[in-house]
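Residue-level listing of the chains:
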Amino acid sequence: MSIPNRSNTNPQPFLLTGIPDLEALHVWISIPFCITYIMALLGNSLVLLAVSLDRILHKPMYYFIAMLAIIDLICSTAVVPRMLGVFWLGSREIGFEACFIQMFFIHTFTAVESGVLLAMSLDRYVAVCSPLRYSALVTGARAAQMGLLSLARGAAAMAPLMCLLTRLPYCRGRVVPHSYCEHMAVAGLACADPAPGHRYSLAMATPLVGTDSALITFSYSMILRAVGRLPSQEARVKALTTCGSHVFVILIFYVGGLLSMYLQMFPFVLAPLIQVLVADLYLTVPPMLNPLIYGIKVKQIQEGILKLLGQLAGLRLT
């Protein structure tokens, strides 16, 4: 990715602090983040392999789950290894371009995840509320189109922000008070006014998140309404449990993202270490939970994973 940089002819690397005021505890703090990352890698990789290798799972619903797994692998890998390098090795330096590439990937794919979560909620809405029309309305090609549209939307939303940030002159030091290159923390080091970037970020994120979350809320409201009409209490309880777990993960994603953004905009609200911890958890916890909630709990994917593990065990024995 080529980054325009007219104001920084000889860019110096940035230095990540990790979690401010908790530097002495970095090794201990890294343990839950490392465990979370390993679980995210294993869970999402298993889901992705099961969906890709089992032809029974070649359906739109499972395509969306596979898209979510890919996004979570990208987001967590863009953040956690770099973070663990800071925590374990004191490897705080990150190149100027590498910093903005990391920023682009993180914020682009969080926007893409929002779009995929919306697509998944609409998919479930059609499946529950219009089951007879589902196969006609939701096809594999349309699922792929929705995924590509989410990717294009996320990249298009982030590209102008990257242009604004990389053109700023950075002369207030190189120490980023964060565990990764969060765009507001980096923009705070500029000696020019970063307000245009902040305004663009707010103007871009608020309607995007607001529209997606409103449509997701509508979809699940209609799903719950349809579930309430089911004659079997056992079926109602099962559906409510599934919807409840989905809503829980969605709330973590959206509430965490909004808190992370607004706490960076209004830093006087909470201590810096709380702001950084909220941002770190927002990027590391959902990738661990998503394969558990959307993937491994689904019976067909469970069977696909067990089949895959059985095949691997058979290969080892032979």
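All of these numbers come straight from a predicted model, not from anything done at the bench. (Residues numbered from 1 in each chain as written. Predicted model: local features only at pLDDT ≥ 70, side-chain atom pairs only at ≥ 80, totals over all residues. Heavy atoms only, no water.)

1. Describing the overall build of the chain
- The helix and strand tally for the chain stands at 10 helices and 3 strands.
- Moving toward the C terminus, one meets the helices and strands of the chain in the order β-α-α-β-α-α-α-β-α-α-α-α-α.
- Within the chain, counting contacts between residues at least 6 apart in sequence, those at least 24 apart form 79% of the total.
- Accessible surface computed for the chain: about 15500 Å², of which carbon and sulfur atoms make up 69%. (Helix = DSSP H or I, 4+ residues; strand = E, 2+ residues; numbered from the N terminus. Contact = heavy atoms within 4.5 Å. Areas by Shrake-Rupley, 256 points an atom, 1.4 Å probe, with all protein chains shown as cover.)

2. Remarks on the state of the cysteines
- With the rule as written, the count across this model stands at 1 disulfide.
- At a sulfur-sulfur separation of 2.0 Å, the disulfide partner of Cys-99 is Cys-181. Measuring handedness by torsion sign, the sulfur bridge of Cys-99 and Cys-181 sits at about -125 degrees and is left-handed. Here Cys-99, found in helix α3 (residues 96–129), pairs with Cys-181, found in the loop between β3 (175–176) and α6 (183–187); they are 82 residues apart in sequence, far enough to count as distant. (Disulfide = S-S within 2.5 Å.)

3. Focus: the nonpolar core
- Phe-14, Leu-165, Tyr-170, Val-186 and Tyr-294 are the most contacted members of the largest nonpolar core, which has 85 residues in total.
- Element by element, the count of residues in this core is highest for helix α2 (residues 60–89), at 16 residues.
- Sequence-distant contacts of Leu-165, defined by excluding residues within four places in its chain, comprise Phe-100, Met-103, Tyr-170, His-183 and Ala-187. (Core = buried A, V, L, I, M, F, W, Y, C linked by side-chain atoms within 4.5 Å. Buried < 20%, exposed > 50% of the residue type's maximum accessible area, 1.4 Å probe, protein only.)

4. Regarding the UniProt feature "transmembrane region" (unreviewed entry) in the chain
- In this structure's numbering, the residues bearing the UniProt feature "transmembrane region" (unreviewed entry) are residues 25–49, 61–80, 100–122, 134–152, 208–227 and 239–259.
- When the span residues 100–122 is considered, its composition is 100% helix and 0% strand, and the gap between its end C-alpha atoms is 33 Å.
- Between the C-alpha atoms that bound residues 208–227 there is a distance of 28 Å. The span itself is 100% helix and 0% strand. (UniProt positions renumbered as here; feature names shortened; annotations may be inferred.)

5. Focus on the sheet that holds strand β2 (residues 93–94)
- The strand order across the open sheet built from 3 strands is β2-β1-β3, with neighbouring strands paired in mixed fashion. Here the strands that pair on one side only, and so sit at the sheet edges, are β2 and β3.
- The sheet contact formed by strand β1 (residues 14–16) and β2 spans 2 bridges and is antiparallel. Bridge assignment links Phe-14 to a residue of β2, and that residue is Ile-94. (Pairing = 2+ DSSP bridges.)

6. Here's the deal with the environment of Leu-84
- Assignment of secondary structure puts Leu-84 in helix α2.
- With relative accessibility at 7%, the residue Leu-84 sits in the buried group.
- For the pair Leu-84 and Ser-30, spaced 54 residues apart in sequence, the C-alpha to C-alpha distance is 6.3 Å.
- Setting aside its immediate chain neighbours within four residues, Leu-84 contacts Ser-30, Cys-34 and Leu-89.

7. Let's talk about the packing of aromatic side chains
- One pass over the structure, following the stated rule, counts 12 aromatic pairs.
- On the basis of an interplanar angle of 80 degrees and a centroid distance of 5.1 Å, the ring pair of Phe-253 and Tyr-254 is categorised as edge-to-face.
- For Phe-253, a relative accessible area of 6% puts it in the buried group.
- Geometrically, the ring pair formed by Phe-253 and Tyr-282 is tilted, given 6.0 Å between the ring centres and 40 degrees between the ring planes. You can see Phe-253 sitting in helix α8 (residues 233–265) and its partner Tyr-282 sitting in helix α9 (residues 272–296), a full 29 residues away along the chain. Like Phe-253, the residue Tyr-282 is buried in the burial classification.
- Three or more aromatic residues link up through ring pairs in this structure, and these residues are Phe-14, Phe-96, Phe-100 and Tyr-170. (Phe/Tyr/Trp six-rings, centres within 6.5 Å; stacked < 30°, edge-to-face > 60°.)

8. So, the packing of α3 against helix α7 (residues 195–227)
- Where α3 meets α7, the closest approach of the two axes is 9 Å, and the angle between their N-to-C directions is 20 degrees. Our classification of the angle between α3 and α7 gives roughly parallel. The two elements α3 and α7 meet at a crossing, and its hand is left-handed. On α7, the residues touching Ser-114, Gly-115, Leu-117, Leu-118, Ser-121, Leu-122, Arg-124, Tyr-125, Val-128 and Cys-129 of α3 are Leu-208, Asp-212, Leu-215, Ile-216, Phe-218, Ser-219, Tyr-220, Met-222, Ile-223 and Ala-226. (Axes fitted to C-alpha atoms, helices over the stretch in contact; angles between N-to-C directions. Parallel < 35°, antiparallel > 145°, perpendicular 65-115°, else oblique. Left-handed = near helix turned anticlockwise from the far one by under 90°.)

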